[in-house]
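Single-letter residue listing:
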Amino acid sequence: DVKVTQSSRYLVKRTGEKVFLECVQDMDHENMFWYRQDPGLGLRLIYFSYDVKMKEKGDIPEGYSVSREKKERFSLILESASTNQTSMYLCASSFRGTGIIDGQYFGPGTRLTVT
Amino acid sequence: GQQVMQIPQYQHVQEGEDFTTYCNSSTTLSNIQWYKQRPGGHPVFLIQLVKSGEVKKQKRLTFQFGEAKKNSSLHITATQTTDVGTYFCAAFKYNNNDMRFGAGTRLTVKP
């Protein structure tokens, strides 16, 4: 079974702190994704990566950065956390597929609260 | 960028009734994926549709992709309490590297 793990289930940080969210997958997937999920808004893509050291902006990249130094690991960084970044953060991974992105496997999520 | 509308936002049914959720895009899509998220859980991949007019079935679930590749539906026949959750579509448009999830349809089933 594909396993996508995230470093924390719950996290509480203060405004202005630098926050690191880690995601690791064990299926040798090329693609990795970071989403945030808010009630009524569904999942919104923050960044995705289709290869090591490669990244693409999603719908809402402002206030976030990412790092992918190894194929299995994709990190989301909040440079200076703000209260409007309080949310559920979901990591996902998938095979690249033949010209399309294959189905994504999600981690359990990190519920981040910024006070 | 593309807009993805998913309707209805909520659906409450009696066990045994059918359920359908619709996903509509303003632009032609490359492919579409469907996911299910149980309460308190994370999204789980159900299926991917790629071809115009494609229909796929998984037991009581039927997935369709429109002829114009702008809309899709998920139909559940004779719902069960295990079908409870939120169903999301994810729409892909590759010529501008665009991927977007619908807001989801939350299904509740009364026994």
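Residues numbered from 1 in each chain as written. Chains lettered and ligands numbered in written order. Predicted model: local features only at pLDDT ≥ 70, side-chain atom pairs only at ≥ 80, totals over all residues. Heavy atoms only, no water.

Draft legend 1. Seen up close, the overall build of chain A. In terms of helices and strands, chain A carries zero helices and 11 strands. Principal-axis analysis of the C-alpha atoms places the extent of chain A at approximately 45 × 25 × 25 Å. Going through the 115 residues of chain A one by one, you find that 47% of them count as buried. Sequence-distant contacts in chain A: of pairs separated by 6 or more residues, those separated by 24 or more amount to 56%. On chain A, roughly 5,600 Å² of surface is accessible, and the fraction owed to carbon and sulfur atoms is 50%. Each charge sign in chain A was given a centre, from 16 positive and 15 negative side chains, and these centres are 6 Å apart. (Helix = DSSP H or I, 4+ residues; strand = E, 2+ residues; numbered from the N terminus. Buried < 20%, exposed > 50% of the residue type's maximum accessible area, 1.4 Å probe, protein only. Contact = heavy atoms within 4.5 Å. Areas by Shrake-Rupley, 256 points an atom, 1.4 Å probe, with all protein chains shown as cover. Lys, Arg positive; Asp, Glu negative; His and termini not counted. Charge placed at Lys NZ, Arg CZ, Asp CG, Glu CD.)

Draft legend 2. The arrangement of the pattern of salt bridges in detail. Residue and element names in this part refer to chain A. In total, this model carries 10 salt bridges over all chains according to the counting rule given. Where lysine 18 meets glutamate 79, a salt bridge forms, and the shortest distance between an N and an O atom there is 3.6 Å. Separated by 61 residues along the polypeptide, lysine 18 in the loop between β2 (10-13) and β3 (19-25) and glutamate 79 in the loop between β8 (73-78) and β9 (87-94) bring together distant segments of the chain. Aspartate 38 is the salt-bridge partner of arginine 44, the closest N and O atoms lying 2.8 Å from each other. According to the relative accessible area criterion, aspartate 38 is buried, its value standing at 12%. Linked by salt bridges that have partners in common, Arg36, Asp38 and Arg44 make up one network. (Salt bridge = Lys/Arg side-chain N within 4 Å of Asp/Glu carboxyl O.)

Draft legend 3. Quick look at the state of the cysteines. All names here are of chain A. Applying the stated criterion across every chain, the model contains two disulfides over all chains. Here cysteine 23 engages in a disulfide with cysteine 91; their sulfurs sit 1.9 Å apart. Here the disulfide of cysteine 23 and cysteine 91 is left-handed, its torsion about the S-S bond being about -75°. On the criterion of sequence distance, the pair formed by cysteine 23 in strand β3 and cysteine 91 in strand β9 is long-range, its members being 68 residues apart. Given a relative accessible area of 0%, cysteine 91 falls into the buried group. (Disulfide = S-S within 2.5 Å.)

Draft legend 4. Structural context of the sheet that holds strand β7 (residues 64-70) of chain A. Residues and elements named next belong to chain A. Ordered by their spatial adjacency, four strands build an open sheet running β1-β3-β8-β7, and the pairing between neighbours is antiparallel. Unpaired on one side and paired on the other, β1 (4-6) and β7 mark the two borders of the sheet. Here the average twist between neighbouring strands, direction ignored, is 20°. Bridge count for β3 against β8 is six bridges, and the pairing is antiparallel. From the neighbouring strand, glutamate 22 faces β8, where its bridge partner is serine 75. (Pairing = 2+ DSSP bridges. Axes fitted to C-alpha atoms, helices over the stretch in contact; angles between N-to-C directions.)

Draft legend 5. Fine view of the packing of aromatic side chains. For the coordinates displayed, the defined rule picks out 11 aromatic pairs over all chains. With centroids separated by 6.4 Å and ring planes inclined at 80°, the aromatic side chains of phenylalanine 106 of chain A and phenylalanine 101 of chain B adopt a geometry described as edge-to-face. One end of the pair, phenylalanine 106 of chain A, is in strand β10 (residues 105-106); the other, phenylalanine 101 of chain B, is in strand β10 (residues 98-101), on a second chain. Both residues of the pair, phenylalanine 106 of chain A and phenylalanine 101 of chain B, count as buried. An aromatic cluster of at least three residues, connected via ring pairs, comprises Phe33, Tyr35, Phe48, Tyr50 and Phe106 of chain A together with Tyr35, Phe45 and Phe101 of chain B. (Phe/Tyr/Trp six-rings, centres within 6.5 Å; stacked < 30°, edge-to-face > 60°.)

Draft legend 6. Main features of the sheet that holds strand β8 (residues 71-76) of chain B. Residues and elements named next belong to chain B. Pairing within the open sheet is antiparallel, and its five strands lie in the order β1-β3-β8-β7-β6. Either end of the sheet is taken by a strand with one partner, and the two such strands are β1 (4-7) and β6 (55-58). Taking each pair of neighbouring strands and ignoring which way they run, the sheet shows an average axis angle of 15°. Relative to β8, strand β7 (residues 61-65) runs antiparallel, the two sharing five bridges. Bridge pairing links phenylalanine 63 to leucine 74 in β8.

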